[in-house]
Amino acid sequence: MDLAYIPSPSTGVINLGPIPLRGYAFCIIIGVFVAVWLGNKRWIARGGTAGTVADIAVWAVPFGLVGGRLYHVITDYQLYFSDGEDWVDAFKIWEGGLGIWGAIALGAVGAWIGCRRRGIPLPAYADAIAPGIALAQAIGRWGNWFNQELYGKPTDLPWGLKISAGANRVEGVYHPTFLYESLWCVGVALLVIWADRRFKLGHGRAFALYVAAYCAGRAWIEYMRVDEAHHILGLRLNVWTAIIVFVLAVTYIVISAKVRPGREEIVEAKKADAADAVDATPDADAEKADAAKSDADESVDLAKADPADEVVERKAVEDIKDKDGAGNGAGAGGR
C-alpha cells in the first residue's frame, strides 16, 4: 500500500465560470506569457525597446504550436492513422501532444520572420528569450499532469504519481517524469541567466546553452518513460534526438565563440537611432551656446573700448584721406 504519492486531477478541465478551459491549454498559455514577460525584461536590458519581444512572439508562437503538433503527429502517426483510429484527432491539440523539437524548430522560423520585419538579429533575440522558453516548458509540463500522460516506470517512492485507470493506461503509482522535466527546465533557466551574466554570452550562445542543457536532462528523463514510442537501436526516438541536438548545440557554442566572440553592442536599430539623436542634441546646443558667447564677447570688447583711442584712430583716417585727395589733384593737372 502506498502511503504517500502525488495525486492526479480527477479532470483535465478547469471551469472559469461558464467557460471550460482545459488544463493542458491553460498551462501552455501561462507558459507563453511568462516567456514573453521575462524575454521583454532581458531584451530591454540588452538595449532593445519594450514590446519588441511580444511583437515577434506573435509570429513565433503560432509557428511553434504548429511545429510542435506536426512533430508529435509525424513521430506518433500510429495514434491517428492506424486501423480503428480517427485521423481527425490529430487536430485536437488541446488533448495533449506537442513535440518540443518541432515547436522550437518551426518557432524559430516564425521568430526569424518577425526579426526580419523589425531589422533585428535573430541570435540576439534568441539569447534574450532562452530562459523564458525554459520556464514556459516547466509550466507547460504540468499540462501532462492534467491529462495523466507521459509518466515513467512504476515506483514506490513517496513522490510517485498516482495514475487512475483509463484509456491506454493502467492504474498505479509511477515516476512523475513530467515533474522531473519541469524542475529540470527551471534549473536550465537559472543556469542560462547565471552564465549570461557571468560570461556575457552573445550571438546565440545563450540560446545554444539552453538547448544543450535541456537535451542533457531530456535524454535521461525520456529513458524513464513507458508511453508508446518508436525505438532505434534500443533507444527511444526522442533520446536519439536529444543526443544529436545536444552535440549540435555544443558545437555551435565552441565555433561561435571563436568566430564571433563577445556580445552584440547594438541589438535594435531603432534604439540605436534614438540614442544617436539624443547624443547629437547636446552637441548642437553647445555650438549655439559657443556662438552666442562669442557674439557677447565681441559686444563686451566694443563696450570697453577707450573713447580717446577712437578719436586718435578717426583723426589718422582723416589725415590719410586728405593726403590722398591732394595727390589725386596733382595727378589730374599733369595730364
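Thresholds applied
- Residues numbered from 1 in each chain as written.
- Predicted model: local features only at pLDDT ≥ 70, side-chain atom pairs only at ≥ 80, totals over all residues.
- Heavy atoms only, no water.
- Pairing = 2+ DSSP bridges.
- Helix = DSSP H or I, 4+ residues; strand = E, 2+ residues; numbered from the N terminus.
- Axes fitted to C-alpha atoms, helices over the stretch in contact; angles between N-to-C directions.
- Parallel < 35°, antiparallel > 145°, perpendicular 65-115°, else oblique.
- Left-handed = near helix turned anticlockwise from the far one by under 90°.
- Contact = heavy atoms within 4.5 Å.
- Nonpolar A, V, L, I, M, F, W, Y, C, P; charged D, E, K, R; others polar.
- Core = buried A, V, L, I, M, F, W, Y, C linked by side-chain atoms within 4.5 Å.
- Buried < 20%, exposed > 50% of the residue type's maximum accessible area, 1.4 Å probe, protein only.
- Expected span 1.5 Å × (residues − 1).
- Bend = angle between axes of the 7 residues up to and from the residue.

Take the pairing of strand β2 (residues 19-22) next. Here four bridges tie strand β1 (residues 13-16) to β2, and the two strands are oriented antiparallel to one another. Note that in β2 the partner of Asn15 across the bridge is Pro20. Here β1 folds back onto β2 in antiparallel fashion, the turn holding two residues, of which Gly17 has a positive phi close to 70°.

Each packed pair of helices is defined by two parameters, the angle between the axes and the distance between the axes. At a minimum axis distance of 8 Å, the contact between helix α5 (residues 122-140) and helix α7 (residues 177-199) shows a crossing angle of 165°. By the angle between their directions, the pair α5 and α7 is classed as roughly antiparallel. Judged by the twist between their axes, the crossing of α5 over α7 is left-handed. Residues Ala130, Pro131, Ala134, Leu135, Gln137 and Ala138 of α5 touch α7, and the partners they reach there are Glu181, Ser182, Cys185, Val186, Val188, Ala189, Val192 and Ile193. When grouped by side-chain class, the residues that make up the contact of α5 with α7 number 11 nonpolar, two polar and one charged.

A separate point is the nonpolar core. Of all hydrophobic cores here, the largest spans 39 residues; its most connected members are Trp43, Trp101, Tyr125, Val192, Phe207 and Tyr210. Elements with a minimum of two residues in this core: α2 (52-75), α4 (100-118), α5, α7, α8 (205-224) and α9 (237-259). With 10 residues, the top contributor of residues to this core is α8. Apart from residues no more than four positions distant in its own chain, Tyr210 is found in contact with Ile104, Ala130, Ile133, Ala134, Gln137, Val188 and Val192. Listed in part, the nine residues of the second largest apolar core include Phe146, Tyr151, Leu161 and Phe178.

On to α2, then. Helix length check: α2 (24 residues) gives 34 Å between terminal C-alpha atoms against 34 Å at 1.5 Å per residue, within 8%. The axis of α2 is deflected most strongly, by about 35°, at Val58, and proline Pro62 appears within four residues downstream.

Just geometry here; none of it tells us what the structure is for.
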